[in-house]
Amino acid sequence: MPNIDSGLQIDSSYANALEGMYVSFKGDLAPKPQLVKLNRALADELGLAVDKLEEAQLAALLSGGNVPLGGAPLAQAYAGHQFGGFSPQLGDGRALLLAEVIDKKSARRDIHLKGSGRTIFSRGGDGKAVLGPVLREYLLAEAMHSLGVPTTRALAVVSTGETIMRTQPLPGAVLARVAKSHIRVGSFQFLAARGNTKKLTALAEYTLARHFPNIQDTANRYLKLLTQVCERQAFLVAKWMSVGFVHGVMNTDNITISGETIDYGPCAFLDVFDPSIAFSSIDTQRRYAYAKQPSMALWGLTRFAETLLPLIDQDETRAVELVTVVLNDFEAAYQRQWLICMRAKLGLQTAQSDDVTLINKLLTLMVEDEVDFTHLFRALSGLLVDNETALNLFKNKAAFQQWQLLWLERLADEPIAIDERSLLMRNVNPMYIPRNHLVEEVISAAEQEGDFKPFEKLLEVLDKPFTKREGLSRFAQAAPESFGDYATFCGT
Ligand code: AMP
Ligand code: MG
């Protein structure tokens, strides 16, 4: 098949500016590529000429077997701390930057393929992905987007017709995802580990131009870069915490500079509120547990700061002093963002100094009584008209009622009417999240019976997470007892 005229406006700024940080590569030719899901709205935003292309062309393009006209796919190099240990060379071992495009709103975005075959960065891996985890990433990324959390997006799923060996033979698939960029903390670490300050400066300049143009030409811009990256991560992690999301593998190669959530491997949403929960089957130390996400983000940002030291000041002691001031602000920045989210969840538009105590008291009761995180906040949104639903979630009813009195007292200081507040709360406290049992159910229908209808239905439900609709009550319910404890796996 000749190169496909995809309609995309392709630019190659990364390749042009950062030679040495990638290798040109083409994806594998899948034996029987089939487009099983296309995100038409996103394709349209990108300018992908869906209606002019045949499905076979789309499948070939979005699985890496064909190159878009004007494109030059590449595998990016990066390093990273994985569970605390440093690997100086990771890189796209099963992924490709298919094309960097200028979308219809003139925004620069990466179209990336996951599962497109081996590259020079594959180490022992097969370069492949399997259908289940690909569908999982699709669902979770799109759900996060609808929940208002910054994230990479899911563009398409192509089944490849291959059988991939994991613990058992599984159907192969490729995920096409879209990101503001794939520059990570690990990208900077790759150059810092090689002492390549010249290229590091080029990467920092490129990053400034692409993501932070407002500080591009200012004094101390590398220090400001650190500040802004910290602010974006503070915002991102606060959002995660406020919807009960556990990323599961916050290694530095999975922390983006743009502030988008990336790499939906072993992630999951909490049901019962348990801050110590970590879903990843290999995270035996619970390094990336729910409650540790803010401190783990700071840990990763500290690794980022280390890479910038030679750019910030030639005097290393002075550079360390400067970045330390910025890093020391992270906790407060995170706390500010978290309070904004949590106040909104409780219907508070104004700020009072005791709010943090009020919020934490509620969270403590939720832990003690193993309350479903999403159910409770949604129930609170309607509490003023329906007293029972929230109360019924607690075993210690008296303790909750005591808290409720404090909350009502606090709400009395708020300027807005009850029904208006209830509406605002329902717009931040979702009814539908990608509950683990639902995700597993639709994956298993697709994997085992080739039935994608349940996947489509769940996607449709999650597209409007805040809007209660008739006939969807089962999508809002907790997992049945029989579902048991949940573990997720990376690198699948
Ligand atoms: P991840 O855990 O997905 O963030 O990946 C960590 C590193 O392992 C990255 O360099 C990936 O490209 C690489 N990797 C993960 N799975 C595979 C695979 N099946 N084949 C080759 N490389 C892989
Ligand atoms: Mg990764």
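## A look at the site of ligand 1
Okay, step 1: Near ligand 1, the surroundings consist of 17 residues, among which Gly 91, Gly 93, Asp 126, Gly 127 and Asp 263 are the closest.
Okay, step 2: The separation between an oxygen atom of ligand 1 and a polar main-chain atom of Gly 91 is 2.6 Å.
Okay, step 3: Within the side chain of Asp 126, a nitrogen or oxygen atom sits 3.0 Å from a nitrogen atom of ligand 1.
Okay, step 4: Here the residues of the shell around ligand 1 are counted per class, giving two nonpolar, seven polar and eight charged.
Okay, step 5: Lining the shell around ligand 1 are residues from two domains, each supplying at least three of them: domain 1 (10–179) and domain 2 (185–338).

## Some thoughts on the domain arrangement of the protein chain
Okay, step 1: Its domain assignment divides the protein chain into domain 1 (10–179) and domain 2 (185–338).
Okay, step 2: Taking only C-alpha atoms, the centre of domain 1 and the centre of domain 2 are 23 Å apart.
Okay, step 3: Both faces combined, the contact of domain 1 with domain 2 buries some 3,000 Å², and carbon together with sulfur accounts for 63% of it.
Okay, step 4: When the area that domain 1 buries against domain 2 is broken down by residue, the three leading residues are His 81, Phe 83 and Pro 150, summing to 22%.
Okay, step 5: Where Lys 114 meets Asp 263, a salt bridge forms, and the shortest distance between an N and an O atom there is 3.1 Å.
Okay, step 6: Mapped by element, the contributors of at least two residues to the side of domain 1 that touches domain 2 are helix H1 (13–17), strand E5 (80–82), strand E8 (108–114), helix H4 (131–146) and strand E11 (169–179).
Okay, step 7: Among the residues forming the side of domain 1 that touches domain 2, the class breakdown is 18 nonpolar, ten polar and nine charged.

## Topic: unusual backbone geometry
Okay, step 1: The phi torsion at Phe 83 lies on the positive side, around 50°, for a residue other than glycine.
Okay, step 2: For Phe 83, the position within the fold is in the loop between E5 and strand E6 (85–87).
Okay, step 3: Overall, the relative accessible area of 28% leaves Phe 83 in the partly exposed class.
Okay, step 4: Positive phi values are uncommon outside glycine, yet Glu 370 reaches one of about 50°.
Okay, step 5: Tracing the sequence through the fold places Glu 370 in the loop between helix H11 (355–368) and helix H12 (373–381).

## Notes on the pairing of strand E10 (residues 153–165)
Okay, step 1: For strand E3 (residues 34–38) and E10, the ladder comprises four bridges, and the chain directions are antiparallel. Bridge assignment links Gln 34 to a residue of E10, and that residue is Ser 159.
Okay, step 2: Of the pairings in the sheet, the one linking E10 to E11 comprises nine bridges and is antiparallel in character. Paired with Val 158 across the bridge in E11 is Val 174.

## Here we look at the pairing of E11
Successive side chains on a regular strand alternate, one facing one side of the sheet and the next facing the other.
Okay, step 1: Of all eleven residues making up E11, nine are buried, and the element is well covered by its neighbours.
Okay, step 2: Of the strand pairs in this sheet, strand E9 (residues 129–130) and E11 are connected by two bridges, and their pairing is antiparallel. In the strand pairing of E11, Val 130 is matched with Gly 172.
Okay, step 3: In textbook terms, the turn of a hairpin is the stretch between consecutive antiparallel strands, and for E10 and E11 this stretch comprises three residues.

## Side note on the packing of aromatic side chains
Between two aromatic rings, the relevant description is the distance of the centres plus the angle of the planes.
Okay, step 1: Counted by the stated rule, this structure contains 14 aromatic pairs.
Okay, step 2: With a centroid separation of 6.1 Å and 55° between ring planes, the pair formed by Tyr 14 and Tyr 22 is classed as tilted. Neither residue differs from the other here; Tyr 14 and Tyr 22 are each classed as buried.
Okay, step 3: Lying across the ring of Trp 299, Arg 303 places its NZ or CZ 4.4 Å from the centre.
Okay, step 4: One cation-aromatic arrangement involves Lys 345 over Phe 377; the distance from NZ or CZ to the ring centre is 4.7 Å.

## Some thoughts on the nonpolar core
Okay, step 1: By size, the foremost hydrophobic cluster in this structure holds 103 residues, and its most contacted members are Phe 188, Leu 346, Leu 362, Met 366 and Leu 380.
Okay, step 2: Looking at this core element by element, the count peaks at 13 residues for helix H7 (residues 221–243).
Okay, step 3: Residues lining this core come from more than one domain, with at least three contributed by each of domain 1 (10–179) and domain 2 (185–338).
Okay, step 4: Aside from chain neighbours lying at most four places away, what touches Leu 346 is Leu 358, Ile 359, Leu 362, Phe 377, Leu 380, Trp 403, Trp 407, Leu 411 and Met 425.

## Quick look at helix H17 (residues 453–463)
Okay, step 1: Those residues of H17 that sit buried are Phe 455, Leu 458, Leu 459, Val 461 and Leu 462. Down the axis, H17 shows its buried residues gathered within 160° of arc, on one side only.
Okay, step 2: If you follow the buried residues of H17, they end up packed against E3, H4, helix H16 (436–449) and helix H18 (473–476).

## Some points on the packing of H7 against helix H9 (residues 316–328)
Okay, step 1: Across the interface, H7 lies against H9 with an axial gap of 10 Å and an inter-helix angle of 20°. Put simply, H7 runs roughly parallel to H9. At the point where H7 passes H9, the crossing takes the right-handed sense. Residues Leu 223, Leu 226, Thr 227 and Cys 230 of H7 lie in contact with H9, whose contacting residues are Leu 322, Val 323, Val 326 and Leu 327.
Okay, step 2: Among the residues making up the contact of H7 with H9, the classes are represented as seven nonpolar, one polar and no charged.

## Points about the environment of Val 442
Okay, step 1: Turning to its location among the elements, Val 442 is positioned in helix H16.
Okay, step 2: What makes Val 442 buried here is its relative accessible area of 4%.
Okay, step 3: As for Val 442 and Leu 458, which are separated by 16 residues in sequence, their C-alpha atoms are 7.7 Å apart.
Okay, step 4: Residue contacts for Val 442: discarding those within four places in its chain leaves Leu 139, Pro 454, Phe 455 and Leu 458.

Criteria and cut-off values
Numbering of residues starts from 1 in each chain and follows the order in which that chain's sequence is written. A letter from A marks each chain and a number from 1 marks each ligand, given out in the order of writing. Whole-chain, interface and lining totals are the exception, using all residues; otherwise, since this is a predicted model, local features are given only for residues with pLDDT of at least 70 and side-chain atom pairs are given and counted only at 80 or more. The side-chain quantities take in all heavy atoms of the structure and omit both hydrogens and water. For this purpose, a residue is taken to be near a molecule or strand whenever a single non-hydrogen atom of the residue falls within 4 Å of it. Think of a polar contact as two N or O atoms within 3.5 Å of one another; within protein, one of them needs to be a possible hydrogen donor and the other a possible acceptor, and neighboring residues in sequence only count if both atoms come from side chains. Gly falls in the polar group here, along with every residue not listed as nonpolar (Ala, Val, Leu, Ile, Met, Phe, Trp, Tyr, Cys, Pro) or charged (Asp, Glu, Lys, Arg). Residue ranges assigned to each domain were obtained from an automatic or database domain assignment. Two parts placed together each lose some accessible area; with a 1.4 Å probe, that loss summed over both constitutes the buried area. Salt bridge, as used here: a side-chain nitrogen of Lys or Arg that lies within 4 Å of a carboxyl oxygen of Asp or Glu. Secondary structure follows DSSP: runs of H or I at least 4 residues long count as helices, runs of E at least 2 residues long count as strands, and numbering of each begins at the N terminus. For every residue, the accessible area (1.4 Å probe, protein chains only) is compared with the maximum for its type, and the residue is labelled buried under 20%, exposed over 50%, or partly exposed between those bounds. DSSP calls a pair of strands paired once it identifies at least 2 bridges connecting them. Only rings of Phe, Tyr and Trp enter the pairing, Trp through its six-membered ring, and a pair is recorded when the two centres are within 6.5 Å. The plane angle decides the type: under 30 degrees is stacked, over 60 is edge-to-face, the rest tilted. Criterion for a charge above a ring: Arg CZ or Lys NZ at most 6 Å from the ring centre, at most 35 degrees from the ring normal. Remark: nonpolar core denotes a set of buried residues (Ala, Val, Leu, Ile, Met, Phe, Trp, Tyr, Cys) joined through side-chain atoms within 4.5 Å. Contacts are residue-level and defined by heavy atoms, with any inter-residue pair within 4.5 Å sufficient. Each direction from the helix axis to a C-beta atom contributes to the arc, which is the arc of those directions. As a rule, the C-alpha atoms of each element are fitted with a line to give its axis, helices using only the stretch in contact, and angles between N-to-C directions run from 0 to 180 degrees. Each angle gets one of four labels, with under 35 degrees taken as roughly parallel, over 145 as roughly antiparallel, 65 to 115 as roughly perpendicular, and the rest as oblique. The sense of a crossing depends on the near helix, which, turned anticlockwise from the far helix by less than a right angle, makes the crossing left-handed and, turned clockwise, makes it right-handed.

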